[in-house]
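Listed here are the chains, written in short residue letters.
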Amino acid sequence: MSKKVFLQESEMPTQWYNVIPDIPGGLEPPLDPATGKPLDPKMLQAIFPDPLIEQEMSDKSWIDIPDEVNEILKIWRPSPLVRATRLEQMIGSKARIYYKNEAVSPAGSHKPNSAVAQVYYNKICGIKKIVTETGAGQWGSSLSMACCFFGLECLVYMVKCSYEQKPFRRSMMQAWKGEVIPSPSDTTESGRDVLKNDPDCPGSLGIAISEAVEIAAQNSDTNYALGSVLNHVLLHQTVIGLEAKKQFVIGNEKQPDIIVGCCGGGSNFGGIVVPYLRDKLDGADIRFIGVEPSACPTLTRGHFAYDFGDLAGLTPLLKMHTLGSKFVPPGIHAGGLRYHGMSPIVSALVRDGLVEPVALHQKECFEAATIFARSEGIIPAPESSHAIRATIIEALKDENKDKVILFNLSGHGHFDMTSYDKYYAGELHDYNLPEHELAKAAEHLPKL
Ligand SMILES: *Cc1c(COP(=O)(O)O)cnc(C)c1O
């Protein structure tokens, strides 16, 4: 196969693949925390448009991608599938390594794949403004861009410490007309509450979600959007795996034996992996490896239980792997992987033994990122470096001789160079989460 395989625009997927009906053990429904009973979808109408609520619960295997969405995705899609020959040489790989390059989107990650779809459905439902939270800034910038394209206003609550540490992500949002407020703020009840007790609070994703949901729930022309975890987000990300499948055919290569992705909320991993699930269920010998940071080991050490998606407990209860919604992950640099929960779909696939979860420390991931940058040129996002490290581990095993490994390069790291600086200065440390901290966080799991 040549170094890169491109698809024609005419070969882009026209439907998303909905994995829900194919999950062997099924998916358990979200629960209303007030009653402990399955959630009435109507309760979501205060913050989400109907088509997204439908997708969230859908049992149809294929869902049409609207032309208006695909027209915008065409700005950077189809994304290239690249053979990492120079990486293979540098590490002495036994396997052939390929990566799907999602860093080519304008925002620099896979997140616009869902942002564009979510904003489109809000627009056709008459919504004028979308409010969201962002940690590292990847989701806030993706949503700002999508809102700018469709003429909606975008308001982003950005975790205050990131707001101060990552001024260029903030600038990107402003370039796409997004309004950015550091959280906690005095613009919401939940923000004011926090500030009253702790005026210098650095903020957290949990607080920012509460602020965003509060604004969305109060204004009928305003909705909320989430960048990962939920079923409809994972659905939109299936374009990644669907494209890859075609690219292996066109490139005259066998389909991958191993697929690797990093897991924050599970959307980029789910997006590349689930289009291959039916093949695996039909007997194909294919492994799915989901990689998380050891400092936030949701899949490898968390509980599979019903839990809230946010700190304040405003969201429905989701059945997922979780460290407890009160868990505050230590400040590792892969900001996008610092989430206490996990996509219910990815969680169910781990439960059913179809996905192998792996946890890695940050220093070995930055080392892998550096090897990748010095062989293939691209400086990966710290999140994506987890997938690269796991790929290198597999590529060096004798048992994987002549196998094909595909990993998802979920984004580039151009706005994360301070983390690289710290790594090169020897200032990054690995963190072993003690068992008693996990136990403490789990005490707050809701009792049903
Ligand atoms: C947000 C982000 C992630 C983690 O989110 P998932 O939903 O797990 O994909 C991974 N990589 C990058 C570059 C991100 O921006």
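Note that this is a predicted model, so its numbers are computed, not measured. (Residues numbered from 1 in each chain as written. Predicted model: local features only at pLDDT ≥ 70, side-chain atom pairs only at ≥ 80, totals over all residues. Heavy atoms only, no water.)

1. Structural notes on the overall build of the chain
Of the regular secondary structure elements, the chain holds 19 helices and 15 strands. Rg of the C-alpha trace for the chain: 20 Å, near the compact-globule value of 22 Å for 448 residues, within the 12% margin. Considered along the principal axes of its C-alpha atoms, the chain spans approximately 60 × 50 × 45 Å. Counting the 448 residues in the chain, one finds 60% classified as buried. Looking at the chain as shown, the accessible area adds up to about 17200 Å², and 51% of this sits on carbon and sulfur atoms. Where the 43 positive side-chain charges of the chain centre and where its 54 negative ones centre are 4 Å apart. (Helix = DSSP H or I, 4+ residues; strand = E, 2+ residues; numbered from the N terminus. Rg over C-alpha atoms; globule rule 2.2 N^0.38 Å. Buried < 20%, exposed > 50% of the residue type's maximum accessible area, 1.4 Å probe, protein only. Areas by Shrake-Rupley, 256 points an atom, 1.4 Å probe, with all protein chains shown as cover. Lys, Arg positive; Asp, Glu negative; His and termini not counted. Charge placed at Lys NZ, Arg CZ, Asp CG, Glu CD.)

2. So, the pairing of strand β15 (residues 404-409)
For β15, the tally of buried residues reaches six of six residues, placing the bulk of the element in the interior. Here β15 shows two buried faces, one formed by Val-404, Leu-406 and Asn-408 and the other by Ile-405, Phe-407 and Leu-409. Bridge analysis of strand β5 (residues 96-101) against β15 gives six bridges, and the strand direction is parallel. Paired with Tyr-99 across the bridge in β15 is Phe-407. (Pairing = 2+ DSSP bridges.)

3. Observations regarding helix α9 (residues 205-218)
The terminal C-alpha atoms of α9 lie 20 Å apart, and with 14 residues this matches the ideal 20 Å at 1.5 Å per residue to within 8%. Taken together, the buried positions of α9 are Gly-206, Ile-207, Ala-208, Ile-209, Ser-210, Glu-211, Ala-212, Val-213, Glu-214, Ile-215 and Ala-216. Contact partners of the buried residues in α9: β6 (129-134), β7 (153-159), β8 (179-183), α8 (189-197) and β9 (222-224). For α9, the N-terminal cap is Ser-204; the gap from its side-chain oxygen to the backbone nitrogen of Ile-207 is 3.2 Å. (Expected span 1.5 Å × (residues − 1). Contact = heavy atoms within 4.5 Å. Polar contact = N/O pair within 3.5 Å; in protein donor to acceptor, adjacent residues only side chain to side chain.)

4. Focus: the packing of helix α1 (residues 50-57) against helix α4 (residues 112-124)
Close contact between α1 and α4 brings their axes to 8 Å; oriented N to C, the two are set at 130°. With respect to their mutual orientation, α1 and α4 come out oblique. Between α1, through Pro-51, Leu-52 and Gln-55, and α4, the contact on the second element is made entirely by Gln-118, Tyr-121 and Asn-122. For the contact of α1 with α4, the residue count by class is three nonpolar, three polar and no charged. (Axes fitted to C-alpha atoms, helices over the stretch in contact; angles between N-to-C directions. Parallel < 35°, antiparallel > 145°, perpendicular 65-115°, else oblique. Nonpolar A, V, L, I, M, F, W, Y, C, P; charged D, E, K, R; others polar.)

5. Structural notes on the packing of α8 against α9
Here α8 crosses α9 at 145°, and the two axes come no closer than 7 Å. Counting all contacts with α8, which are made through Glu-189, Ser-190, Gly-191 and Val-194, the residues of α9 involved are Ile-207, Ser-210, Glu-211 and Glu-214. Of the residues in the contact of α8 with α9, the class split is two nonpolar, three polar and three charged.

6. Structural notes on the packing of aromatic side chains
Considering all chains together, one arrives at 12 aromatic pairs under this definition. Ring centres of Tyr-120 and Phe-150 lie 6.0 Å apart, and the angle between their planes is 55°; this geometry places the pair in the tilted category. Taken together, the positions of Tyr-120 in helix α4 and Phe-150 in helix α5 (residues 138-150) put the pair 30 residues apart, joining distant regions of the chain. As far as burial versus exposure is concerned, Tyr-120 and Phe-150 are alike and both buried. (Phe/Tyr/Trp six-rings, centres within 6.5 Å; stacked < 30°, edge-to-face > 60°.)

7. Some words on α1
The set of residues buried in α1 consists of Leu-52, Ile-53, Gln-55 and Glu-56. Along the long axis of α1, the arc covered by the buried residues comes to 160°, so they all point the same way. Elements that come into contact with the buried residues of α1 comprise β2 (15-17), β3 (62-64), α4 and α10 (231-236). (Arc of directions from axis to C-beta.)

8. Here we look at the side chain of Glu-56
By secondary structure assignment, the location of Glu-56 is in helix α1. For the buried Glu-56, no salt bridge exists, and the shortest N-O distance to an oppositely charged side chain is 15 Å, to Arg-351. At 2.7 Å, the side chain of Glu-56 and the side chain of His-232 are in polar contact. Beyond its immediate sequence surroundings of up to four residues, Glu-56 is in contact with Ile-20, Leu-230, Asn-231 and His-232. (Salt bridge = Lys/Arg side-chain N within 4 Å of Asp/Glu carboxyl O.)

9. Here's the deal with the site of the ligand
Close to the ligand lie 17 residues; Lys-111, Ser-228, Gly-264, Ser-267 and Asn-268 are nearest. Residue Gln-138 places a side-chain N or O atom 3.5 Å away from an oxygen atom belonging to the ligand. Gly-264 has a polar backbone atom sitting 2.7 Å from an oxygen atom of the ligand. Compared with its free state, where it exposes 390 Å², the ligand has 97% of that area covered by protein. (Near = heavy atom within 4 Å.)

10. Describing the sheet that holds strand β1 (residues 4-5)
Taken together, seven strands build an open sheet; the order of strands is β1-β4-β5-β15-β10-β11-β14 and the sheet is mixed. Of all strands in the sheet, those bounded by a partner on one side alone are β1 and β14 (355-360). Where strand β10 (residues 258-262) lies against β15, three bridges are found, and the strand directions are parallel. Of the residues in β15, the one forming a bridge with Ile-259 is Leu-406. Against the sheet, helix α11 (residues 239-250) contacts β1, β4 (81-83), β5 and β15, and its axis sits at roughly 135° relative to β5.

11. A look at unusual backbone geometry
Geometrically, the link from Arg-77 to Pro-78 is a cis peptide bond, its omega value of -5° lying close to zero. Along the chain, Ser-183 connects to Pro-184 via a cis peptide bond; the corresponding omega equals 10°. With respect to the helices and strands, the residue Pro-184 is situated in the loop between β8 and α8. A positive phi angle, near 70°, is found at Val-229, a position not held by glycine. Position of Val-229 relative to the elements: it lies in the loop between β9 and α10. Val-229 gets classed as buried once you look at its relative accessible area, which sits at 7%. Even without being glycine, Asn-252 reaches a positive phi, approximately 60°. Here Asn-252 lies in the loop between α11 and β10.

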